[in-house]
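Take a look at the letters that make up each chain.
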Amino acid sequence: MTSDQAPVLWPFISTPGLPPTGAQIGVDHLSGGAFYADPIGWVLNDQIPVTNPNIFSFGKPGRGKSATTKVFCLRMMDFGYRTLILGDPKDEYESLCRAFGVEPFAIGHGLSARINPLAIGPLGRGWSHLSAEDAQGRAAIVFSRWLTLVRGLVGSQRIGERRVRFGPSEEAVVKQGLQMLTGYTAGNSQLTETTIPRLWHLLDEPTPELIDDTRYASARHFLDETRLLRDALGQLVTGALAGLFDDHTTIDVDWGAPIQSLSLSRLEALGDEAVGIALTCLNSWGRGMREMADPGDLRIVVRDESWKQLRLGPEAVKSFDADLRLSRRDGDVQFAVAHKPSDMLSAGDSGSQAAAIAKDLLHLADIKILHGQDLGVAVELEQMLGLGPIARDIVTTWAMQGKGRALWCVGDQQYKVQTILHPAEQRLTYTNEAMAGGG
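On a predicted model such as this, the values are computed, not experimentally measured, just so you know.

With that settled, the discussion passes to the packing of aromatic side chains. One pass over the full model with this rule turns up 9 aromatic pairs. Judged by centre distance (5.0 Å) and plane angle (55 degrees), the rings of Phe35 and Trp408 are tilted. Linking Phe35 in strand β2 (residues 34-37) with Trp408 in strand β12 (residues 405-410), this pair joins segments that are 373 residues apart in sequence. Residue Phe35 is classed as buried on the basis of its relative accessible area of 2%. Ring plane angle 80 degrees and centroid distance 5.2 Å describe the contact between Tyr216 and Phe222, whose orientation is recorded as edge-to-face. Assessed through its relative accessible area of 14%, Tyr216 is described here as buried. Given the relative accessible area of 0%, Phe222 is considered buried.

See below:
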């Protein structure tokens, strides 16, 4: 048999080694050599079974998941990568930001930072000089991003036990409203940035033009048919997150800095659903800011506590899905962090559309870092990730016996890796300040 096949039956025969490019993470205990991580380099190398640079990191709390994520971001900076933390629910990245002289942006009630998830972003630059064809192409991208966002936000709202529906009629109304508010339907030479409150007010007090363009018989007919849509948008404007994502962006992000972070720790008291909605808004805004990134502008986009967004239902899952699918185009490494693979299924009941979509997300990340898990998770490791008994035992035994131990799945190849931290990195990656009394 070949060396690719041998490790299946004889685990002491190491997996074919990866080239020594990218960040040196630690030691590969199967080969005894150093282990290097280079997601985009792996995609570009036809000898490595990786088609996208996305990463999912799973692990029980306290197994070194956060430290591995941070040292990966830190060490990849030496290779021209910058890091964007799109929502830090626990302020875990503050120390790393401040080590580079960057102050994280904090989002919360009473703070000045505002994020407009309907920001046009770089695609709005030079609009008046575009040809009609190019302007239509850019508009299609912008409106598609906004529709994905609004669909996710509306679909996250509940009426009793049911989520608000966002079907073709609701999509047509929202799209037409956004096109009117931006001046696109009037053929303006420059799009006007709008906000969620302005969209809500337009739908609450529809103009005759909007009613006619969306084919409703009368204003009463329009209002009756769009009541749930309008109520869901109104809840976003007047609910727990009022004042945070409903006005123009007030922060000035230095995209040339080595790292930028948006803190959501002030929202923790509002509950997981509010944090999930905030993550959805930030993810859409971040995707918009990365459109038309300069060639070679490589970025690691960290999505911590991603399960909170997935729990908002199928439309929020689709929004997350859209971000992962653009990684090859944008040159980004999407790095999603969760506790265990079944967190992906928290989007809905077993067998539901949301759960099926969320499960499929696992296939959008060819790189998976599996830190230590309890034996109770062993079955889902095999069923959801297709791990054999040897790999499963590595995750539930060896990886549980020390921090920073993980099984790295690179395509269909597996590596038993111990992350090695420098003493300076240990201080930057320490996450137990609260329990240690600030020490």
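After that view of the structure, there is still more to cover.
It is worth spelling out the sheet that holds strand β10 (residues 332-338) at this point. The 11 strands are arranged β2-β1-β13-β12-β11-β3-β10-β9-β4-β8-β5 in an open sheet whose pairing can be described as mixed. If you trace the sheet from one side to the other, it starts and ends with β2 and β5 (105-106), each paired once. Across 2 bridges, the pairing between β5 and strand β8 (residues 259-263) is parallel. Each bridged residue has a counterpart across the sheet, and for Phe105 the counterpart in β8 is Leu262. Against the sheet, helix α11 (residues 272-290) makes contact with β4 (82-88), β8, β9 (299-303) and β10, and its axis sits at roughly 155 degrees relative to β4, the strand it touches most.

The next point concerns the environment of Lys318. The residue Lys318 is located in helix α13 (residues 314-325) in this model. A relative accessible area of 30% places Lys318 in the partly exposed class. Separated by 167 residues in sequence, Lys318 and Arg151 have C-alpha atoms that sit 8.9 Å apart.

Where helix α16 (residues 378-385) is concerned, the buried positions are Ala378, Glu380, Leu381, Met384 and Leu385. Down the axis of α16, the sector holding all buried residues measures 165 degrees, keeping them to one side. Residues of α16 that are exposed and angled more than 90 degrees away from the buried face: Val379 and Gln383. Where α16 ends, the next residue or the one after it, Gly386, has phi of about 70 degrees, a positive value.

Ile107, Leu233, Phe245, Leu262 and Trp285 are the most contacted members of the largest nonpolar core, which has 64 residues in total. Taken together, the elements giving at least two residues each to this core come down to β4, α5 (132-155), α6 (168-182), α7 (196-204), α8 (208-213), α9 (219-225), α10 (227-238) and α11. Per-element tally for this core: the top contributor is α5, with 10 residues. One finds Trp42, Ile259, Ile369 and Val410 within the second-largest nonpolar core, a separate group that totals 36 residues.

On to the side chain of Ser156. Checked against the element boundaries, Ser156 lands in the loop between α5 and β6 (158-159). Since its relative accessible area comes to 0%, Ser156 is described here as buried. Among the polar contacts listed, one links the side chain of Ser156 to the side chain of Gln157, at a separation of 3.3 Å. Each residue touching Ser156, except ones within four places of it in the same chain, is listed here: Arg163, Glu273, Ile277 and Leu312.

Turning our eyes to something else, we now look at the pattern of salt bridges. For the coordinates displayed, the defined rule picks out 20 salt bridges. Between Glu170 and Arg165 there is a salt bridge, with its nearest N and O atoms 3.1 Å apart. Here Glu170 falls in the buried class, since its relative accessible area comes to 14%. For Arg165, a relative accessible area of 55% puts it in the exposed group.

Here we take up the packing of α5 against α11. Axis separation between α5 and α11 bottoms out at 10 Å; the angle between their running directions is 175 degrees. Between α5 and α11, the interaxial angle falls into the category roughly antiparallel. Two secondary-structure elements touch here, α5 through Arg145, Thr148, Leu149 and Leu153 and α11 through Ile277, Thr280, Cys281, Ser284, Arg287 and Gly288.

Right, let's talk about the confidence of the model for the chain for a bit. One rule of thumb: low pLDDT means the predicted coordinates there are not for detailed reading. Of the residues in the chain, 90% have a pLDDT of 70 or more, and the chain-wide mean is 87. Within the chain, the lowest mean pLDDT, 44, falls on helix α19 (residues 433-436), and the highest, 97, falls on α9. For residues 433-439, every residue scores under 50 in pLDDT, and the model assigns this stretch 4 contacts once sequence neighbours within four places are set aside.

Thresholds applied
Residues numbered from 1 in each chain as written. Predicted model: local features only at pLDDT ≥ 70, side-chain atom pairs only at ≥ 80, totals over all residues. Heavy atoms only, no water. Phe/Tyr/Trp six-rings, centres within 6.5 Å; stacked < 30°, edge-to-face > 60°. Helix = DSSP H or I, 4+ residues; strand = E, 2+ residues; numbered from the N terminus. Buried < 20%, exposed > 50% of the residue type's maximum accessible area, 1.4 Å probe, protein only. Pairing = 2+ DSSP bridges. Contact = heavy atoms within 4.5 Å. Axes fitted to C-alpha atoms, helices over the stretch in contact; angles between N-to-C directions. Arc of directions from axis to C-beta. Core = buried A, V, L, I, M, F, W, Y, C linked by side-chain atoms within 4.5 Å. Polar contact = N/O pair within 3.5 Å; in protein donor to acceptor, adjacent residues only side chain to side chain. Salt bridge = Lys/Arg side-chain N within 4 Å of Asp/Glu carboxyl O. Parallel < 35°, antiparallel > 145°, perpendicular 65-115°, else oblique. pLDDT = per-residue confidence, 0-100.

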